[in-house]
Amino acid sequence: MAHGIYPYLAARCSPPDELLIDLFAETRQKFGERSVMQIGAELGALLTILTASTGARRAIEVGTFTGYSSICIARGLPDDGHLLCCDVSEEWTSLARHYWKRAGLDGRIELRLGPAADTIAALPAEPVYDIALIDADKTSYPIYYDLLVPRLRPGGLILVDNVLQNGKVLDERSQDADVRAIQAFNEAVAVDDRVQAVLLAVSDGLTIARKR
Ligand SMILES: C[S@@+](CC[C@H](N)C(=O)[O-])C[C@H]1O[C@@H](n2cnc3c(N)ncnc32)[C@H](O)[C@@H]1O
């Protein structure tokens, strides 16, 4: 992307509301540098748009942290929609729970604590999910993806965050485990004929894979 264009477009997306601004600030105040794990506001807006415009009713998220992405997805669901959140951290997700309540979304969101691969593997292998977000430990992305594809309805979307690794995916000699895992993951998704996929330069890179 041309130099300087990203801040321009990020500043011209619908801004986050007061609740998301408060969540961003409280995450930073409580968890310091860890707050960089939060998704950006422009990706948050895109999550709500994709969830709402596809008419999604059942969603699943791998990697919840303090809840920013989950709130954006849940806001795109209908009142009787359901989002299943998978994370390992009681501490980080306790802030998410607080904000789900404040947002009036706690009835729509369920949290399961534990390794996400175990949580997803324990779900029936039925194609019932309309939309999924993967945003957890990068080396496990292929595992999450392969567990999620059969659980997604035809036409459903898998969204995958951080697929550019701050541009480090271009370094074919990288020894960084996360970068190498994402490089391999991106190659595999591009030739996976179970889906139609596009890699977008939104935030740190977002893959959208639509199940055929
Ligand atoms: C990048 S953060 C997620 C950010 C979140 N989507 C947001 O919008 O704020 C990654 C999260 O993945 C979780 N995580 C890491 N390893 C995991 C695992 N094996 N199973 C489930 N969650 C895991 C971490 O606890 C952390 O909360």
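Once a new chain begins, its residue numbering starts again from 1 and follows that chain's sequence as written. For a predicted model such as this one, the threshold for reporting local features is a pLDDT of at least 70, and the threshold for listing and counting side-chain atom pairs is 80 or more; totals across whole chains, interfaces and linings nevertheless cover every residue. The basis for every side-chain value is the complete set of non-hydrogen atoms in the structure, without hydrogens or water.

Peer 1: Account for the side chain of arginine 151, naming residues and giving values.
Peer 2: Strands here are runs of E lasting at least two residues and helices are runs of H or I lasting at least four, both read from the DSSP assignment and numbered beginning at the N terminus. Relative to the helices and strands, arginine 151 is located in the loop between α7 (141-148) and β5 (152-161). Polar contact is defined as a pair of N or O atoms within 3.5 Å, subject to the rule that within protein one atom must be able to donate a hydrogen and the other to accept it, and that residues adjacent in sequence are counted only when both atoms are side-chain atoms. From its side chain, arginine 151 meets the backbone oxygen of proline 124 in a polar contact 3.4 Å long. Among the polar contacts made by the side chain of arginine 151, one reaches the main-chain carbonyl oxygen of leucine 147 at a distance of 2.8 Å. When residues no more than four places from it in sequence are discounted, the contact partners of arginine 151 are Ile120, Ala121, Leu123, Pro124, Ala125, Glu126, Pro127, Val128 and Tyr129. Contacts are assigned to residue pairs that have any heavy atoms within 4.5 Å of one another.

Peer 1: Residue-level account of the nonpolar core, with values.
Peer 2: The definition of a nonpolar core used throughout is a set of buried Ala, Val, Leu, Ile, Met, Phe, Trp, Tyr and Cys residues joined through side-chain atoms within 4.5 Å. A simple rule labels every residue: compare its accessible area, found with a 1.4 Å probe on the protein chains alone, to the largest value its type can have, and call it buried under 20%, exposed over 50%, or partly exposed in between. By size, the foremost hydrophobic cluster in this structure holds 34 residues, and its most contacted members are Leu47, Ile71, Leu83, Trp100, Ile109, Ile131 and Leu159. The contact partners of tryptophan 100, leaving out residues within four places of it in the chain, are Thr64, Gly67, Ser70, Ile71, Cys85, Leu105, Asp106, Ile109 and Leu111. The next biggest cluster of nonpolar side chains, apart from the first, holds 26 residues, and it includes Ile60, Ala116, Tyr144 and Val169.

Peer 1: Which residues make up the sheet that holds strand β2 (residues 82-87), and what values do they have?
Peer 2: At least two DSSP bridges between two strands are needed for those strands to be called paired. Read across the open sheet, the seven strands follow the order β3-β2-β1-β4-β5-β7-β6; overall the sheet is mixed. Bordering the open sheet on either side are β3 (109-113) and β6 (195-200), each of which pairs with just one other strand. Within this sheet the neighbouring strands show an average axis-to-axis angle of 15°, counted without direction. Note: strand β1 (residues 58-62) against strand β4 (residues 129-134), four bridges, orientation parallel. By the bridge assignment, alanine 59 is partnered in β4 with isoleucine 131. To define axes, lines are fitted to C-alpha atoms, for helices over the stretch in contact only, and angles between the resulting N-to-C directions are given on a 0 to 180 degree scale.

Peer 1: Could you give an account of the layout of surface pockets, naming the residues involved and the relevant values?
Peer 2: In the cavity and pocket records, a cavity denotes points on a 1 Å grid over the protein atoms alone where a 1.4 Å probe fits but cannot get out, a pocket denotes an open set with protein on both sides within 12 Å along at least 5 of 7 lines, and lining residues are residues with an atom within 4 Å of a point. Grid points are joined across faces, edges and corners, and a volume is the space filled by probe spheres set on the points. In this structure, the largest pocket spans a volume of roughly 770 Å³. Taken together, 36 residues form the lining of the largest pocket, with Met37, Asp135, Ala136, Lys138 and Asn162 sitting closest to its centre. Those elements giving two or more residues to the lining of the largest pocket turn out to be α4 (68-76), β2 and α8 (177-190).

Peer 1: Go over unusual backbone geometry with me, naming the residues and quoting the values.
Peer 2: The backbone of phenylalanine 65 sits at a positive phi, close to 55°, despite the residue not being glycine. Inspection of the secondary structure assignment puts phenylalanine 65 in the loop between β1 and α4. Despite not being glycine, glutamine 165 has its phi angle at roughly 50°, a positive value.

Peer 1: How would you summarise the packing of aromatic side chains if you had to cite specific residues and measurements?
Peer 2: Each pair of aromatic rings taken from Phe, Tyr and Trp, with Trp reduced to its six-membered ring, is defined by centres within 6.5 Å and is described as stacked if the planes are under 30 degrees apart, edge-to-face if over 60, and tilted in the remaining cases. Under the counting rule described, the total for this entry stands at four aromatic pairs. Measuring from centroid to centroid gives 6.4 Å for phenylalanine 31 and phenylalanine 65, while their planes differ by 50°, and the two rings are tilted. In this pair, phenylalanine 31 sits in helix α2 (residues 18-31) while phenylalanine 65 sits in the loop between β1 and α4, placing the two residues 34 residues apart along the sequence. Residue classification places phenylalanine 65 among the buried residues on the basis of a relative accessible area of 7%. Aromatic pair tyrosine 145 and phenylalanine 185: ring centres 5.4 Å apart, planes at 85°, arrangement edge-to-face. Of this pair, tyrosine 145 sits in helix α7 while phenylalanine 185 sits in helix α8, and the two are 40 residues apart along the sequence. The two residues tyrosine 145 and phenylalanine 185 agree in class, both being buried. Three or more aromatic residues joined by ring pairs make a cluster, and in this case those are Phe31, Phe65 and Trp92. The aromatic ring of tyrosine 8 is capped on one face by arginine 12, whose charged end is 3.7 Å from the ring centroid. Only Lys NZ and Arg CZ are tested; either one counts as a charge over a ring when it is within 6 Å of the ring centre and within 35 degrees of the ring normal.

Peer 1: Talk me through the site of the ligand; I want residue IDs and the actual numbers.
Peer 2: Taken together, 19 residues are adjacent to the ligand, and Gly63, Ser69, Asp87, Ala116 and Asp135 come closest. Serine 69 is positioned with one of its side-chain polar atoms (N or O) 2.8 Å from a nitrogen atom of the ligand. At 2.9 Å from a nitrogen atom of the ligand is found a main-chain nitrogen or oxygen belonging to alanine 116. Using a 2 Å cut-off from the grid points, one finds that the ligand occupies the largest pocket. Residue type decides the class: Asp, Glu, Lys and Arg count as charged, Ala, Val, Leu, Ile, Met, Phe, Trp, Tyr, Cys and Pro as nonpolar, and the leftover types, Gly among them, as polar. Among the residues forming the shell around the ligand, the class breakdown is 10 nonpolar, six polar and three charged. Proximity is defined per residue: if any heavy atom of the residue lies within 4 Å of a molecule or strand, that residue is considered near it. For this analysis, a molecule is said to be in a pocket or cavity if more than half of its atoms are within 2 Å of the grid points defining it.

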